[in-house]
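Summary of the model geometry
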Amino acid sequence: MTDRLVYWAYALGWGLLKHLPERVAAGLFDRLADYAWRKRGKRVLQLEANLRRVRPGLDEAALRELSRAGMRSYLRYWMESFRLPVWSRERVARDVQVDGFEHLRETLEAGRGAVIALPHMGNWDLAGTWVAQRGYPFTTVAERLKPERLFDRFVEFREGQGMEVLALTGGSVNVIGTLARRLREGRLVCLVGDRDLSEAGIGVTFFGEETRMPAGPAALCQRTGAALMPVTLWYDGPVLRGRIHPEVPVPEEGDRKERTRAMTQAMAEVWERGIREHPQDWHMLQRFWLADLPVRETVKAAPAERAEGAPEPVAEASGS
């Protein structure tokens, strides 16, 4: 698909879908999810390969049903995100329920910064809107897209929900420096942090196999004294549920790299428990474990920022 077609596909979603009745939009996206699931393209096959690690005891029929639920959850994320600009504050408050919010509130009200780190679960845009509407606007990072105007639309959408969005590359702002400054000011930073297969990623064990995750969340907290709080998200009928887990402490022993590795592993173990409970809501349609990568293949690290342990960008058009 050309850049122009990609842009107009997303523009159509933002422009048209919000005017459809809720049941019509939900039914349409369920059908799109089922169509993609039946085609068994490479993303569906990769989703099933990932889910085999999460639920290794499932037979093939049960795995197929789980991947179908996963595709419906993934398309629900997009349907909600396209419609989110017209959701009322009352609708957001009604349809998002978060446990453990006191962990975040007490930290920020004490004047200490916090990093909320989450995997690709549920609807992170909706959860972010809920947090911002509770009086806690935050800073996040987005990968620069082509065409440029599609990236601009994503930024406009997220800033309209109360987020400060930093471009990972190509901008005049130092991403790591800006995030650190926000945290030292006692503010909130939210980062997606479950996939970074670049050489800069931190090696962790996840569901018994090796993968890499970004060093950014743990490194930023060590650098600034901010609290690192993992989050898990899942759907419960019409409601998006979330849990803000207690702070991951900085280990007292080891050098900075060792402490970063230990914190990232601890965060991964929190996510592992959440994903095991709600595997259909983990939207990982890409290669994730190192064993699935061809020899020498990695996701190319972005220059400068990623080399210093920059965080994984917020998911964009690829859904990654």
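Above this text sits the structure in question.
Source: prediction; values computed, not measured. (Residues numbered from 1 in each chain as written. Predicted model: local features only at pLDDT ≥ 70, side-chain atom pairs only at ≥ 80, totals over all residues. Heavy atoms only, no water.)

1. Thoughts on the overall build of the protein
Along the backbone of the protein there are 11 helices and nine strands. Within the protein, contacts between residues separated by at least 24 positions form 78% of all contacts whose residues are at least 6 apart in sequence. When the accessible surface of the protein is totalled, it reaches about 14500 Å², and 51% of it is carbon and sulfur. (Helix = DSSP H or I, 4+ residues; strand = E, 2+ residues; numbered from the N terminus. Contact = heavy atoms within 4.5 Å. Areas by Shrake-Rupley, 256 points an atom, 1.4 Å probe, with all protein chains shown as cover.)

2. Some thoughts on the packing of aromatic side chains
By the definition in use, this model includes 13 aromatic pairs. Taken together, a centroid distance of 5.8 Å and an interplanar angle of 65° make the contact between F101 and Y136 edge-to-face. With F101 in helix α6 (residues 101-109) and Y136 in the loop between α7 (124-133) and β3 (138-142), this residue pair connects regions lying 35 residues apart in the sequence. The class of Y136 is buried, set by a relative accessible area of 14%. The side chain of R68 reaches across the aromatic face of W37, ending 5.5 Å from its centre. For R76, the ring lying beneath its charged end belongs to Y235, and the centroid distance is 3.7 Å. (Phe/Tyr/Trp six-rings, centres within 6.5 Å; stacked < 30°, edge-to-face > 60°. Buried < 20%, exposed > 50% of the residue type's maximum accessible area, 1.4 Å probe, protein only. Lys NZ or Arg CZ within 6 Å of the ring centre and 35° of its normal.)

3. As for the pattern of salt bridges
Taken as a whole and assessed by the stated rule, the structure comprises 20 salt bridges. In this structure, R94 and D95 form a salt bridge, with 2.8 Å as the shortest nitrogen-oxygen distance. Given the relative accessible area of 7%, D95 is considered buried. With its nearest N and O atoms 3.4 Å apart, the salt bridge here joins R187 to E185. Connected through shared salt-bridge partners, E22, R83, R91, R94 and D95 make up one network. (Salt bridge = Lys/Arg side-chain N within 4 Å of Asp/Glu carboxyl O.)

4. So, unusual backbone geometry
The phi torsion at R40 lies on the positive side, around 55°, for a residue other than glycine. With respect to the helices, strands and loops of the structure, R40 is situated in the loop between α2 (22-39) and α3 (42-54). With relative accessibility at 32%, the residue R40 sits in the partly exposed group. Non-glycine residue F207 carries a positive phi angle of around 50°. The residue F207 is located in the loop between β6 (202-206) and β7 (209-213) in this model. Using a relative accessible area of 11% as the deciding quantity, one classes F207 as buried.

5. Section: the environment of F206
Residue placement: F206 occurs in strand β6. Residue classification places F206 among the buried residues on the basis of a relative accessible area of 0%. For the pair formed by F206 and E269, sequence separation is 63 residues and the distance between their alpha carbons is 7.2 Å. Once you skip the residues sitting within four places of it in the chain, F206 turns out to touch T211, M213, A268, W271, E272, I275, W282, F288 and W289.

6. Re the nonpolar core
One finds M71, L104, I116, L188, F206, L228 and W282 to be the most contacted residues of the largest nonpolar core, which totals 82 residues. Here the element with the most residues in this core is helix α4 (residues 60-83); it accounts for nine residues. Residue contacts for L228: discarding those within four places in its chain leaves V115, A117, P217, A218, C221, P246, E247, V248, M263 and M267. (Core = buried A, V, L, I, M, F, W, Y, C linked by side-chain atoms within 4.5 Å.)

7. What to know about the packing of α2 against α4
In the contact formed by α2 and α4, the axes pass within 8 Å of each other and the chain directions differ by 140°. The angle between α2 and α4 places the two elements in the oblique class. Like other packed secondary-structure pairs, α2 and α4 cross with a definite hand, here right-handed. Two secondary-structure elements touch here, α2 through E22, A25, A26, F29, D30, L32, A33, D34, A36 and W37 and α4 through R64, E65, S67, R68, M71, R72, L75, W78, M79, F82 and R83. In the contact of α2 with α4, the residues fall into 12 nonpolar, one polar and eight charged. (Axes fitted to C-alpha atoms, helices over the stretch in contact; angles between N-to-C directions. Parallel < 35°, antiparallel > 145°, perpendicular 65-115°, else oblique. Left-handed = near helix turned anticlockwise from the far one by under 90°. Nonpolar A, V, L, I, M, F, W, Y, C, P; charged D, E, K, R; others polar.)

8. Section: α4
An ideal rise of 1.5 Å per residue puts 34 Å on 24 residues; α4 measures up with 35 Å between its terminal C-alpha atoms. The distance from a side-chain oxygen at the start of α4 to the backbone nitrogen of A61 is 3.3 Å, and the residue carrying that oxygen is D59. (Expected span 1.5 Å × (residues − 1). Polar contact = N/O pair within 3.5 Å; in protein donor to acceptor, adjacent residues only side chain to side chain.)

9. Quick notes on the pairing of strand β5 (residues 188-192)
Counting buried residues in β5 gives five out of five residues, a clear majority hidden from the surface. Because side chains alternate across β5, one face comprises the buried residues L188, C190 and V192, and the other comprises V189 and L191, equally buried. Note that strand β2 (residues 114-118) and β5 share five bridges and pair parallel. Each residue of the ladder has a partner; that of A117, found in β5, is L191. Sheet topology note: the β3/β5 ladder contains two bridges and is parallel. (Pairing = 2+ DSSP bridges.)

Nothing here speaks to function; it is all geometry.
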